[in-house]
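Spelled out from the first residue to the last, the chains are:
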Amino acid sequence: MKILHSLLTVASLALAGLVSRAANDERPNVIIIYADDLGWGDLGCYGNPVILTPNLDRMATEGMRFTDFYSAAEVCTPSRAALLTGRYPVRSGMCHDRFRVLRNNSAGGLPREEVTLPELLQGRGYATGMVGKWHLGHLPEHLPPHHGFDSYFGLPFSNDMMPAPDAPKGRPKFFEENNAYWRTPLIRGTEVIEAQPDQRQLTRRYTEESVRFIREKKAAPFFLYVAHTFPHVPLFASERFRGKSAAGIYGDVIAELDWSVGEILGTLRAEGLDKKTLVVFSSDNGPWLIFNHHGGSAGPLREGKGSTWEGGMRVPGIAWWPGRIAAGVVQHEIATTMDLFTTSAKLAGATVPSDRPIDGFDISPLFFGSGLVLRDAYFFYRGSTLYAARLGHWKAHFITRSGYGDDQPEPHEPPQLYHLGEDPGERFDRAKENPAVIAKITEAVARHRAALQVAPSQLVATVPARAN
Ligand code: MG
């Protein structure tokens, strides 16, 4: 009886992930660190001349830095849906033409029938945790614990969505670094634990939660998704970082995010987990340029958040796994946040769903230098509308529109055509002399459209109950 009891105890411990993983277990831990509205040009290793990011620069030196890494959307909600499902957001319905992001009064959320990366990894015995901004439905039934995360600590949506009644009206309020103007609930699990957390402390608190998670779950493979609240406006940094950067409060905020990355990578090293952990750093969309010096930079790329020009969707992408990913490689192949779904699942030994289209590619051959992943094409959506498509170095814009502002969508026939190698800033339309290229891209778009599955009911479900 005693032996049976011992066996059962061992079995239950194993099930709970509390016994050490087998020495020959090749499955890596996976950590995705996702900034909010961080531009392609905001980090030292991406050429920023002012903002200091020594930890991210070191991460890039020890790992792989992607020059052509894309989010699947130009704003928060659809971008996050794509990251976690490996699918263009139009497939899950997590996009909306009018609002484009879920609001603090939206009834909808990520459809339960979507298969998320943490669900796949949970099925392989991974401990799964999320820290930070969710933005895929704030009602309890939509929160991360219902989408594959064992634990959750963070904000359910953007940090600007619930201004206090006495907050100054209009855009200048975003430049007021006054925490009293913002009421953004802080949630643990599915419960609100603070109605108005001090936003100056959020990056530090997210970091402490992340480090604790790593230490507690280190015995078994784990998946940790750290979705920072910043540099989405309004900007806040803790006392330690405030007023230190020559780039002002924006630089202070990025410096604190960089510190956070250093704490996470340092913890992995200290715990002997660095050679067992894939860490990827990226951003959900480009910089929010309408906020002037409180918005970031897309570097040489055109436009920013809200736009399907390169600056809206091409973002930093750094992958780190010492001993596996070759150090100091600058990777020019196209890769996307959706690829992290497929790649992480494959590395964990999980099966990617075959009953639905998955848009993420396995980019582990890029990581390990054993081959090239050549994409057929990449597609740029605003809401549920396809605006542009990239094939190789060529990008065709069928519709253009500025990220924010009052201008209307402008259709182009033939589409505008830019060569992103010779002209990364998309300044010189080359459509006239390249009809064959346009024909090829148009064919790729037609194939993509023919295979598209949209869930119209979910598009309706994401409409807010009232305008915000
Ligand atoms: Mg964002």
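Numbers given to residues run from 1 along each chain, matching the order in which its sequence is written. A pLDDT threshold of at least 70 governs which residues receive local features in this predicted model, and a stricter bar of 80 or more applies before side-chain atom pairs are shown or counted, although totals over entire chains, interfaces and linings include all residues. The side-chain figures draw on all heavy atoms in the structure; neither hydrogens nor water molecules are used.

This next bit is on the environment of Asp37. On the secondary structure map, Asp37 appears in the loop between strand 1 (29–35) and helix 2 (54–62). Using a 1.4 Å probe on the protein chains alone, a residue whose accessible area is under 20% of its type maximum counts as buried, one over 50% counts as exposed, and one in between counts as partly exposed. Assessed through its relative accessible area of 1%, Asp37 is described here as buried. Each C-alpha atom of the pair Asp37 and His232 lies 5.5 Å from the other, and the pair is 195 residues apart in sequence. With sequence-adjacent residues up to four places away left out, Asp37 is seen in contact with Cys76, Pro231, His232, Tyr250, Ser283, Asp284, Asn285, Gly286, Pro287, Trp288 and Lys305. Of note is the side chain of Asp37, whose polar atom sits 2.7 Å from the side chain of Asn285. Helix and strand assignments follow DSSP, with helices taken as H or I runs no shorter than four residues and strands as E runs no shorter than two, numbered in order from the N terminus. By the convention used here, residues are in contact when the closest approach between their heavy atoms is within 4.5 Å. Polar contact criterion, stated in full: a pair of N or O atoms within 3.5 Å, where within protein one must be able to donate a hydrogen and the other to accept it, and residues adjacent in sequence count only if both atoms are side-chain atoms.

The subject of this paragraph is the packing of aromatic side chains. Both the distance between ring centres and the angle between the ring planes are used here to describe each pair of aromatic rings. Centre distance within 6.5 Å is the pairing criterion for rings of Phe, Tyr and Trp, where only the six-membered ring of Trp is used; planes under 30 degrees apart are then read as stacked, over 60 as edge-to-face, and the remainder as tilted. Counted under the stated rule, the structure contains 23 aromatic pairs. Feature note: the residues Tyr70, Tyr88, Tyr378, Phe379, Phe380 and Tyr381 constitute an aromatic cluster, connected by ring pairs. Cation placement over rings: the criterion is NZ of Lys or CZ of Arg within 6 Å of the ring centroid and within 35° of the ring normal. The ring of Tyr46 carries the charged tip of Arg65 above its face, separated from the ring centre by 4.7 Å. Over the aromatic face of Phe361 sits the side chain of Arg375, whose NZ or CZ is 4.2 Å from the ring centroid.

For the purposes of this description, domain bounds are those given by an automatic or database domain assignment. Each assigned domain of the chain is listed with its residue range as follows: domain 1 (28–368) and domain 2 (378–450). Domain 1 and domain 2 are separated by 27 Å when their C-alpha centres are compared. Between domain 1 and domain 2, the residue contacts involve 30 residues of the former and 26 residues of the latter. Throughout, buried area stands for the accessible area (probe radius 1.4 Å) lost by two parts on being put together, summed over both. Both sides together, the interface formed by domain 1 and domain 2 hides about 2300 Å², and carbon and sulfur atoms give 55% of it. Whenever a carboxyl oxygen of Asp or Glu lies within 4 Å of a side-chain nitrogen of Lys or Arg, that contact is scored as a salt bridge. Connecting domain 1 to domain 2 are two salt bridges. Counting the contacts that link domain 1 with domain 2 gives 11 residue pairs in polar contact (both at pLDDT 80 or more). Listing elements by their share of the side of domain 1 that touches domain 2, those giving two or more residues are strand 2 (64–70), helix 4 (89–92) and helix 8 (310–313).

Sodium, potassium and calcium take a 3.2 Å donor cutoff, other metals 2.8 Å, and in both cases only N, O and S atoms count; water is not among them, so sites may look incomplete. The protein atoms that coordinate the magnesium ion are Asp36 (OD), Asp37 (OD), Cys76 (SG), Asp284 (OD), Asp284 (OD) and Asn285 (OD1), at distances of 2.1 to 2.7 Å. Here a site with four donors is tetrahedral if all angles are between 85 and 135 degrees, and a site with four or six donors is square planar or octahedral if opposite donors are over 155 degrees apart and the other angles are between 65 and 115; anything else gets the irregular label. Considering all six donor atoms around the magnesium ion, angles at the metal cover 52 to 156° and the coordination shape is irregular. Written as a sequence motif, the donor arrangement for the magnesium ion is D-D-x38-C-x207-D-N. One end of the pair, Asp36, is in the loop between strand 1 and helix 2; the other, Asn285, is in the loop between strand 8 (277–283) and helix 8, with 249 residues separating them in the sequence. Here Asp36 and Asn285 have matching classes, each one buried.

Time to look at the packing of helix 2 against helix 7 (residues 248–270). Axis separation between helix 2 and helix 7 bottoms out at 7 Å; the angle between their running directions is 50°. On the basis of their axis angle, the class for helix 2 and helix 7 is oblique. Contacts between helix 2 and helix 7 involve Pro54, Asn55, Leu56, Arg58, Met59 and Glu62 from the first element and Asp258, Trp259, Val261, Gly262, Leu265 and Arg269 from the second. Residues of the contact of helix 2 with helix 7, tallied by class, amount to six nonpolar, two polar and four charged. A fitted line through C-alpha atoms represents every axis, and for helices the fit uses only the stretch in contact; the resulting angles, taken between N-to-C directions, go from 0 to 180 degrees. Roughly parallel means an angle under 35 degrees; roughly antiparallel, over 145; roughly perpendicular, 65 to 115; everything else is oblique. Three residue categories are used. Nonpolar comprises Ala, Val, Leu, Ile, Met, Phe, Trp, Tyr, Cys and Pro, charged comprises Asp, Glu, Lys and Arg, and polar comprises the others, including Gly.

Locating Glu191 in the fold gives a position in strand 6 (residues 191–194). Residue Glu191 is classed as exposed on the basis of its relative accessible area of 54%. Distance in space between the C-alpha atoms of Glu191 and Glu114 is 23 Å, their sequence separation being 77 residues.

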